[in-house]
Amino acid sequence: MRLIIRNRSEEVAKYICEYITKRINIFAPTAERPFVLGLPTGSSPLPIYHALITAYEQGRVSFRNVVTFNMDEYVGLERNHAESYHSFMYTNFFRHIDINTKNINILDGNAANLAEECLAYEAKIKALGGIELFLGGVGSDGHIAFNEPGSSLASRTRVKSLAYETIVANARFFNGDLNLVPRMALTVGVQTIMEAREVIIIATGTAKSLAIQQAVESGVSHMCTLSCLQLHPCSTLVVDEDATLELRVKTVKVSFSIPKTALTPDETPNNASISKEFQTGDLTPDSMSSRIGEFKFLAARSATIPLALT
Ligand SMILES: N[C@@H]1[C@@H](O)[C@H](O)[C@@H](COP(=O)(O)O)O[C@@H]1O
């Protein structure tokens, strides 16, 4: 699990936006070979969506051949309700980009048969060859998607009762009225996320700091489902300084030390592809030195992820 720390939440969003943009462009998706992207809702990813919309408007990325799968949706909330995750995604992202609506997948929390809906979602992900990159957020109790504390680490898309802490946290979207927050949701499972070829998590603000501490410094536990990513071969947490509040100094230092100790692109065995990215990227000397370590790290992680991405 890679931990990337940026000073401010805006920088976190920019970092992730640039990463996703490069990742899609390097993948060069076509209609026959689309880029399959997993997406979250929540307030933390909002600045990422804004930045991706800007990148699209600037012609730096297209979503024409991107297929999306959202992480979760409330059960029983009308699709057109302002707080449904359908509404959230169209209002904050899909309506502003060139994605083909038939490539958008969001669980239907009003399906006649919820269990079948979940099975069909898993089957569709599989039929498309799996998720290339799953972007996610995290709840203050460490939940990923709606995989609440105690969720099976082998879980797949299913109906889930929400934890009281989640209902309290999400009441802010329902005029602070706990009674208006749906009690159940459909959510991809921990295993569904683990099967994505790459997972990137955004966590900003002090409210996420305990969850980040548990996920990074404690063992893998179903009580903090984000911690499952310790077992993922290609996962990255991108956090702001506030979210590091509960981390040990050593953890933060290790995170910053990797770029400093890494080899330069010329010293790495497969420097050709890395150097090409360096020549074409808009990297400042500072960001370049911090990225060198990330290139090396990625090289060690997964052959399916292009080297020069971060
Ligand atoms: N199901 C969503 C999660 O996917 C999200 O990560 C979490 C945090 O949201 P926020 O970013 O608003 O703190 O909220 C909900 O529980």
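Just so we're clear, the structure is a prediction, and the values are computed from it rather than from any experiment. Just so you know, the residues in each chain are numbered from 1, in the order the chain's sequence is written. Reporting in this predicted model follows two pLDDT cut-offs: at least 70 for local features of residues, and 80 or more for side-chain atom pairs to be given and counted; totals over whole chains, interfaces and linings ignore these cut-offs and use all residues. With hydrogens and water stripped out, all remaining heavy atoms of the structure feed into the side-chain values.

Here the focus is the overall build of the chain. Scanning the chain from terminus to terminus reveals 10 helices and 10 strands. The proportion of buried residues among the 310 residues of the chain is 54%. Shrake-Rupley sampling with a 1.4 Å probe provides the accessible areas, and residues are treated as covered by the protein chains on show and by no other component. In the form shown here, the chain has an accessible surface area of approximately 13700 Å², with 54% of it arising from carbon and sulfur atoms. In this description a helix means any DSSP run of H or I spanning at least four residues, a strand means any run of E spanning at least two, and both kinds are numbered starting from the N terminus. Burial classes: relative accessible area under 20% of the type maximum marks a residue as buried, over 50% as exposed, and values in between as partly exposed (1.4 Å probe, protein chains only).

Strand S10 (residues 235-240) sits mainly inside the fold: six of its six residues count as buried. Side chains of S10 alternate between two faces, with Ser-235, Leu-237 and Val-239 and Thr-236, Val-238 and Asp-240 buried alike. Strands were regarded as paired on the criterion that DSSP finds at least two bridges between them. Across five bridges, the pairing between strand S1 (residues 2-6) and S10 is parallel. Residue pairing for S10: Arg-6 is matched across the bridge by Asp-240. Whether a crossover is right-handed comes down to one check: with the strands pointing away from the viewer, does the path from the first strand over the helix to the second run clockwise; if it does, it is right-handed. Each parallel crossover has a hand, and for strand S9 (residues 199-203) linked through helix H7 (residues 209-217) to S10 it is right-handed.

The next thing to look at is helix H3 (residues 85-92). Of all eight residues in H3, six are buried; the element is thus mostly enclosed. Restricting attention to buried positions, one finds in H3 the residues Tyr-85, His-86, Ser-87, Phe-88, Met-89 and Asn-92. The secondary structure elements touched by the buried residues of H3 are strand S2 (35-39), helix H2 (46-57), strand S3 (66-70), strand S4 (72-74) and helix H5 (164-170). Contacts are assigned to residue pairs with any non-hydrogen atoms lying within 4.5 Å of each other.

The tendency in soluble globular proteins is for nonpolar side chains to be buried as a group. To qualify as a nonpolar core, a set must consist of buried Ala, Val, Leu, Ile, Met, Phe, Trp, Tyr and Cys residues joined through side-chain atoms within 4.5 Å. Residues Leu-226 and Leu-229 are the most contacted members of the largest nonpolar core, which totals 39 residues. Sorting the residues of this core by element identifies S1, S3, helix H4 (114-127), helix H6 (190-194), S9, H7 and S10 as the ones contributing at least two each. Other than its neighbours up to four places away in sequence, Leu-229 contacts Met-1, Ile-144, Met-194, Val-199, Ile-201, Ser-235 and Leu-237.

This part covers the pattern of salt bridges. A side-chain nitrogen of Lys or Arg and a carboxyl oxygen of Asp or Glu constitute a salt bridge if their distance falls within 4 Å. Inspection of every chain in the model, using the stated rule, returns nine salt bridges. Here Arg-60 and Glu-18 are joined by a salt bridge, their closest N and O atoms 3.1 Å apart. With a gap of 42 residues between them, Arg-60 in the loop between H2 and S3 and Glu-18 in helix H1 (residues 9-27) connect regions that are remote in the sequence. Owing to a relative accessible area of 34%, Arg-60 belongs among the partly exposed residues under this scheme. Close ionic contact of Asp-98 with Arg-64 constitutes a salt bridge, the shortest N to O distance being 3.9 Å. Of this pair, Asp-98 sits in the loop between H3 and strand S5 (104-105) while Arg-64 sits in the loop between H2 and S3, and the two are 34 residues apart along the sequence. Exposure remark for Arg-64: the relative accessible area of 52% places this residue in the exposed category.

Further remarks concern the site of the ligand. Ser-43, Ser-44, Asp-72, His-143 and Lys-208 are the nearest of the 13 residues found near the ligand. Ala-145 is positioned with one of its backbone polar atoms (N or O) 3.3 Å from a nitrogen atom of the ligand. Between an oxygen atom of the ligand and a side-chain N or O atom of Arg-172, the distance comes to 3.0 Å. The nonpolar class holds Ala, Val, Leu, Ile, Met, Phe, Trp, Tyr, Cys and Pro. Asp, Glu, Lys and Arg form the charged class, and all remaining residues, Gly among them, are polar. Class assignment of the residues belonging to the shell around the ligand gives a composition of four nonpolar, six polar and three charged. Any residue with a heavy atom lying within 4 Å of a molecule or strand is counted as near it. Pairs of N or O atoms within 3.5 Å make up the polar contacts considered here, provided that, within protein, one atom can donate a hydrogen while the other can accept it, and that residues adjacent in sequence are counted only when both atoms are side-chain atoms.

With respect to the helices, strands and loops of the structure, Thr-21 is situated in helix H1. Contacts of Thr-21, omitting those with residues within four sequence positions, involve Leu-52, Ala-55, Arg-60 and Val-61.

UniProt positions are given in the numbering used here, feature names are shortened, and annotations may be inferred rather than shown by experiment. In this numbering, the UniProt entry assigns the feature "domain: Glucosamine/galactosamine-6-phosphate isomerase" (unreviewed entry) to residues 9-219. Counted over residues 9-219, helix gives 35% and strand 15%. Its end C-alpha atoms are 26 Å apart.

Moving on, we come to the packing of H1 against H2. Each pair of packed helices gets described by two things: the angle between the helix axes and the distance between those axes. Lines fitted to the C-alpha atoms define the axes, with helices restricted to the stretch that makes contact. Angles between their N-to-C directions range from 0 to 180 degrees. Between H1 and H2, the shortest axis-to-axis distance is 8 Å and the interhelical angle comes to 50°. One finds that H1 runs oblique with respect to H2. Considering how the two elements wind past one another, H1 and H2 form a crossing that is right-handed. Here H1 contributes Ala-13, Ile-16, Cys-17, Ile-20 and Thr-21 to the contact with H2, which in turn contributes Pro-47, Ile-48, Ala-51, Leu-52 and Ala-55. Taken together, the residues that form the contact of H1 with H2 break down as nine nonpolar, one polar and no charged. Angular relationships are summarised with four words: roughly parallel below 35 degrees, roughly antiparallel beyond 145, roughly perpendicular across 65 to 115, and oblique for the angles in between. Helix crossings fall into two classes, left-handed where the near helix is turned counterclockwise from the far one by less than a right angle and right-handed where it is turned clockwise.

The next subject is the packing of H2 against H3. Where H2 meets H3, the closest approach of the two axes is 10 Å, and the angle between their N-to-C directions is 40°. Compared by their axis directions, H2 and H3 come out oblique. Contact with H2, carried on its side by Leu-46, Tyr-49 and Ile-53, involves Phe-88, Met-89 and Asn-92 of H3 and no other residues of that element.

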